[in-house]
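Breakdown of the fold
For reference, the chains in residue letters:
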Amino acid sequence: MRGDGHELQQRSARVLPAEQAAALATAGLTVRAVLATAGIRAGERVLVVGATGGVGTTLVPLLAAAHATVVATATEHDADLLRTLGAAEIIGYDERDYPAGVDAAFNLTLPSDRLTGVARAVRPGGRLLTITYPVPQQDRIARDDVDLRFVLDMEGTLGGMREVADLAAGGALRPTTGDSPSASTGGPLRATIGRRYTLDEGAQACVDFERRHTTGKLVVVM
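I will try to describe carefully the structure that is included in this document. (Residues numbered from 1 in each chain as written. Predicted model: local features only at pLDDT ≥ 70, side-chain atom pairs only at ≥ 80, totals over all residues. Heavy atoms only, no water.)

1. So, the overall build of the protein chain
- A count of helical and extended segments in the protein chain gives 7 helices and 8 strands.
- Burial status across the protein chain gives 47% buried among its 222 residues.
- In the protein chain, the share of contacts with a sequence separation of at least 24, taken over all contacts with a separation of at least 6, comes to 52%. (Helix = DSSP H or I, 4+ residues; strand = E, 2+ residues; numbered from the N terminus. Buried < 20%, exposed > 50% of the residue type's maximum accessible area, 1.4 Å probe, protein only. Contact = heavy atoms within 4.5 Å.)

As structure tokens, then:
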């Protein structure tokens, strides 16, 4: 795979195999932007909705490495994987299972006009970050005491491939906001690869991505 993955592999050739570089090309940029925006501090309790996808399985280990207590949504089938990645608690997808009073919540899967349940889990003054469309509106979450952020860094203002390569090499996240520095990630950025396909199986990879419950990233190996 070329494009951003090829650039990331060039920047971190001594650290990342090709499949990791390809898998992190989009997930790594998204996770870095989310972490830079969130400003996670050690000891905070966070909720990750959509923790088993490519972004979620990349984000959870870094939150855990920043000494946050991670509550992650998953099925029983994926629970052991998420615990291995650093989640302290696994809950189901039902909004009634969401914890109360978390410092920050990360929505990685729900449409951003359906976040009232996630918002209810956040303490007053806490943060709710989402990466999905439609662009969220504060009045749609019925919480004016929650800091709602839509994270979509198309221009790379929160960091590009160089910064992702630094994280992949185990570097600390450099805060990009005026808030207090984020806790160090304390570990390298890595993607969870759920399944590998040969080039001849590329069409099947697309079908599986659309129709099956997949965990982590799907990678086509040339």
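2. Let's talk about the environment of Ala 65
- Tracing the backbone shows Ala 65 in helix 3 (residues 54-65).
- On the basis of relative accessible area, Ala 65 is assigned to the partly exposed category, the value being 22%.

3. Digging into the layout of surface pockets
- In this model, the largest pocket occupies a volume close to 1,200 Å³.
- Thr 26, Gly 54, Val 55, Phe 209 and Lys 217 are, among the 40 residues lining the largest pocket, the residues nearest its centre.
- Of all the secondary-structure elements, those providing two or more residues to the lining of the largest pocket are helix 2 (18-38), helix 3, helix 7 (202-211) and strand 8 (217-221).
- The biggest single contributor to the lining of the largest pocket is helix 2, with 8 residues.
- A per-class count over the lining of the largest pocket returns 22 nonpolar, 14 polar and 4 charged.
- In this structure, the second largest pocket occupies an estimated 180 Å³ of space.
- What lines the second largest pocket is simply His 77, Leu 81, Thr 192, Ile 193, Gly 194, Arg 195, Tyr 197, Arg 212, His 213, Thr 214, Thr 215 and Leu 218.
- Contributing elements (two or more residues each) for the lining of the second largest pocket: helix 4 (76-85) and strand 7 (193-198).
- Examining the composition of the lining of the second largest pocket, we find that 4 residues originate from one element, strand 7, more than from any other. (1 Å grid on protein atoms, 1.4 Å probe; cavity = no way out; pocket = protein on both sides within 12 Å on 5 of 7 lines; lining within 4 Å. Points joined across faces, edges and corners; volume = space filled by probe spheres on them. Nonpolar A, V, L, I, M, F, W, Y, C, P; charged D, E, K, R; others polar.)

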